[in-house]
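Remarks on the overall topology
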Amino acid sequence: AKIGVILIMFSAGLETDLKQFKTSGLPSVVITILGVVFPLGLGFLVASAFNGGFKDMAQHQVISNLFYGAILAATSVSITVAALKELGKLNTKVGTSIVAAAILDDIIGVILLSLFISLDKGNGLDGIGIAIGKMIGFFAAAIGMGIVAHLLLKHYLKRHPEHHRRIPIIGFAMCFFFAYAAEEWFGVADITGAYVAGIMLSTLSEAGYIDRKVEVSNYMIFAPVFFASIGINADFGAISPTIVGFGFAFIAAGMLGKVLGCGLGSLICRYTFMDSLRVGIGMMVRAEVVLVCTQKGIDYDMVNPSIMPFVLILILVTSLITPLLLRLSYKKEENGGKLPPINPNAKVKLYSTDDNESDFIKTDTDKTI
């Protein structure tokens, strides 16, 4: 199951398109920051309200409540991208902003997750400087090693331009090494190391080939075991009216946090109200990353296992309603799905698409529709 988690995050890193930032630039940064702050804040408030209130919280409880918010910071826009592509809106300002913001969103979310785990394992809020220092040290070392590995692999690919089996093997090795080094040497979550390894390799010409090999290995064995372990470890016996209330408030915080945060970020960047609403709706979707983050919190005793069913509900609800809401938001622009009215005075020249001259349509430029 742990290998499944690591490979899921490695694949997520490989699929990260850093070039996408060039198409959106500053708006994606603003949208992402507010799209992380709002769910983080709302998640913290909901967790604090249901976990003993705001008075006299111990350091572990504060970090735990922040971790609930960090879970909601992650997003997954694969369903949104599919919906926008079907509507022909993927390459619009809204589409490019959602894709670019989602990339940065996951990066920030994974960093926050690692930070809170480091704080909980260390000296709590008093050791925040040490935790941040370790994280900076990890990213500095990872980026340095990643650049060297990237250049070596690039040189190797010049000598072996066709798909070579050694490339995904090296990718797997790099993934597991980064995951181990992050956890054991720097106190950073192993999934962060795997994610960074994927990002380091994402700009290679063979990144897609590596990703395909990772996905096949993962969905054949490791990922199903991970998802099965979530079901096995789900503690339905501990669900109480308080947990149910907390769970549904947590779901509402996750959905509203993205709509409000990303929508406000879009408005600040002078998007129209409707486009801002579309960006917020598009960023609501959650998928496997939020499961990974929740499971990590459970493993480190920072999250109540009873919250997992509600995380699954959040994934299901957002996956179903996001495409529907996006379609409704574009319905007026498409004139209710009907063609615009024909102007009877429009003049056109008609041409045949057949190569047979005898089938050509004989007409003149004054022919009216």
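These figures come from a predicted structure and were not determined experimentally.

Rules of the game
Residues numbered from 1 in each chain as written. Predicted model: local features only at pLDDT ≥ 70, side-chain atom pairs only at ≥ 80, totals over all residues. Heavy atoms only, no water. Helix = DSSP H or I, 4+ residues; strand = E, 2+ residues; numbered from the N terminus. Buried < 20%, exposed > 50% of the residue type's maximum accessible area, 1.4 Å probe, protein only. Contact = heavy atoms within 4.5 Å. Areas by Shrake-Rupley, 256 points an atom, 1.4 Å probe, with all protein chains shown as cover. Core = buried A, V, L, I, M, F, W, Y, C linked by side-chain atoms within 4.5 Å. Axes fitted to C-alpha atoms, helices over the stretch in contact; angles between N-to-C directions. Parallel < 35°, antiparallel > 145°, perpendicular 65-115°, else oblique. Left-handed = near helix turned anticlockwise from the far one by under 90°. Polar contact = N/O pair within 3.5 Å; in protein donor to acceptor, adjacent residues only side chain to side chain. Patch = residues over 30% accessible without salt bridge, like charges linked within 9 Å, V, L, I, M, F, W, Y side chains within 5 Å. Salt bridge = Lys/Arg side-chain N within 4 Å of Asp/Glu carboxyl O. Lys, Arg positive; Asp, Glu negative; His and termini not counted. Charge placed at Lys NZ, Arg CZ, Asp CG, Glu CD. pLDDT = per-residue confidence, 0-100. Phe/Tyr/Trp six-rings, centres within 6.5 Å; stacked < 30°, edge-to-face > 60°. Lys NZ or Arg CZ within 6 Å of the ring centre and 35° of its normal. Nonpolar A, V, L, I, M, F, W, Y, C, P; charged D, E, K, R; others polar. Expected span 1.5 Å × (residues − 1).

With that out of the way, let us pick up the overall build of the chain. When helices and strands are counted, the chain shows 14 helices and zero strands. N-terminal to C-terminal, the α/β element order of the chain is α-α-α-α-α-α-α-α-α-α-α-α-α-α. Looking at the chain as a whole, 49% of its 369 residues qualify as buried. Of the contacts formed within the chain by residues at least 6 apart in sequence, a portion of 78% connects residues at least 24 apart. Of the roughly 18400 Å² of accessible surface on the chain, 65% is carried by carbon and sulfur atoms.

Next up on the list: unusual backbone geometry. Even without being glycine, Arg270 reaches a positive phi, approximately 70°. Counting through the fold element by element, Arg270 comes out in the loop between α11 (241–268) and α12 (273–282).

In this section: the nonpolar core. Phe10 and Phe116 are the most contacted members of the largest nonpolar core, which totals 98 residues. The biggest single contributor to this core is helix α6 (residues 93–121), with 14 residues. Those residues in contact with Phe10 that sit more than four places away from it in its chain are Gly171, Cys175, Ala194, Ala197, Gly198, Leu201, Ile210 and Val214.

What follows covers the packing of helix α1 (residues 2–14) against helix α9 (residues 190–201). A packed helix pair is summarised by two numbers, namely the angle formed by the two axes and the spacing between the axes. At a minimum axis distance of 7 Å, the contact between α1 and α9 shows a crossing angle of 30°. As far as their axial angle goes, α9 and α1 are roughly parallel. Note that α1 runs across α9; the crossing there is right-handed. Contacts between α1 and α9 pair Val5, Ile6, Met9, Phe10, Ala12, Gly13 and Leu14 from the former with Asp190, Ile191, Ala194, Tyr195, Ala197, Gly198, Ile199 and Leu201 from the latter.

Mapped onto the elements, Ser11 comes out in helix α1. Taking relative accessible area as the criterion, Ser11 reaches 9% and is therefore assigned buried. Among the polar contacts made by the side chain of Ser11, one reaches the side chain of Asp211 at a distance of 2.7 Å. Once residues within four sequence positions are removed from consideration, Ser11 is found in contact with Asp211, Val214 and Glu215.

Once that is clear, we can look at the environment of Ala100. Structurally, Ala100 can be placed in helix α6. Classification of Ala100 by relative accessible area gives buried; the value is 0%. Separated by 75 residues in the primary sequence, Ala100 and Gly25 place their C-alpha atoms 8.3 Å from one another.

A surface patch of like charges, here positive, comprises Arg165, Arg166, Arg212 and Lys213. Mapping Arg165 onto the fold places it in the loop between α7 (128–159) and α8 (166–185). Relative accessible area serves as the criterion here: at 66%, Arg165 is assigned to the exposed category.

Moving on to the confidence of the model for the chain. On average, residues of the chain carry a pLDDT of 82, and 86% of them reach 70 or more. Element-level pLDDT for the chain is lowest in helix α2 (residues 21–24), with a mean of 64, against a maximum mean of 93 in α11. Every residue in residues 356–365 is under pLDDT 50, and counting partners more than four places away or in other chains gives 11 contacts.

Tallying each qualifying case throughout the model produces 11 aromatic pairs. Ring centres of Phe138 and Phe139 lie 5.2 Å apart, and the angle between their planes is 65°; on these two criteria the pair is classed as edge-to-face. Both residues of the pair, Phe138 and Phe139, count as buried. An aromatic cluster is built from Phe50, Tyr68, Phe246 and Phe250, whose rings are joined through pairwise contacts. Lying across the ring of Tyr271, Lys93 places its NZ or CZ 4.4 Å from the centre. One cation-aromatic arrangement involves Arg278 over Tyr330; the distance from NZ or CZ to the ring centre is 4.0 Å.

Next up on the list: the packing of helix α10 (residues 207–233) against helix α13 (residues 288–299). Two elements in contact, α10 and α13, have axes separated by 12 Å at closest approach and are oriented at 55°. Judged on the interaxial angle alone, α13 and α10 are oblique. Here α10 runs over α13; the crossing is left-handed. Only Glu288, Leu291, Val292 and Gln295 of α13 make contact with α10, whose side of the interface consists of Phe226, Phe227 and Ile230. Of the residues that constitute the contact of α10 with α13, the class distribution is five nonpolar, one polar and one charged.

What follows is about helix α4 (residues 59–73). Residues lying three or four places apart along an α-helix face the same way, a consequence of the helix completing one turn every 3.6 residues. Look at α4: 21 Å from first C-alpha to last across 15 residues, which is about the 21 Å you get at 1.5 Å a residue. Turning to α4, the residues buried within the fold contact α3 (26–50), α6, α11, α13 and α14 (308–331).

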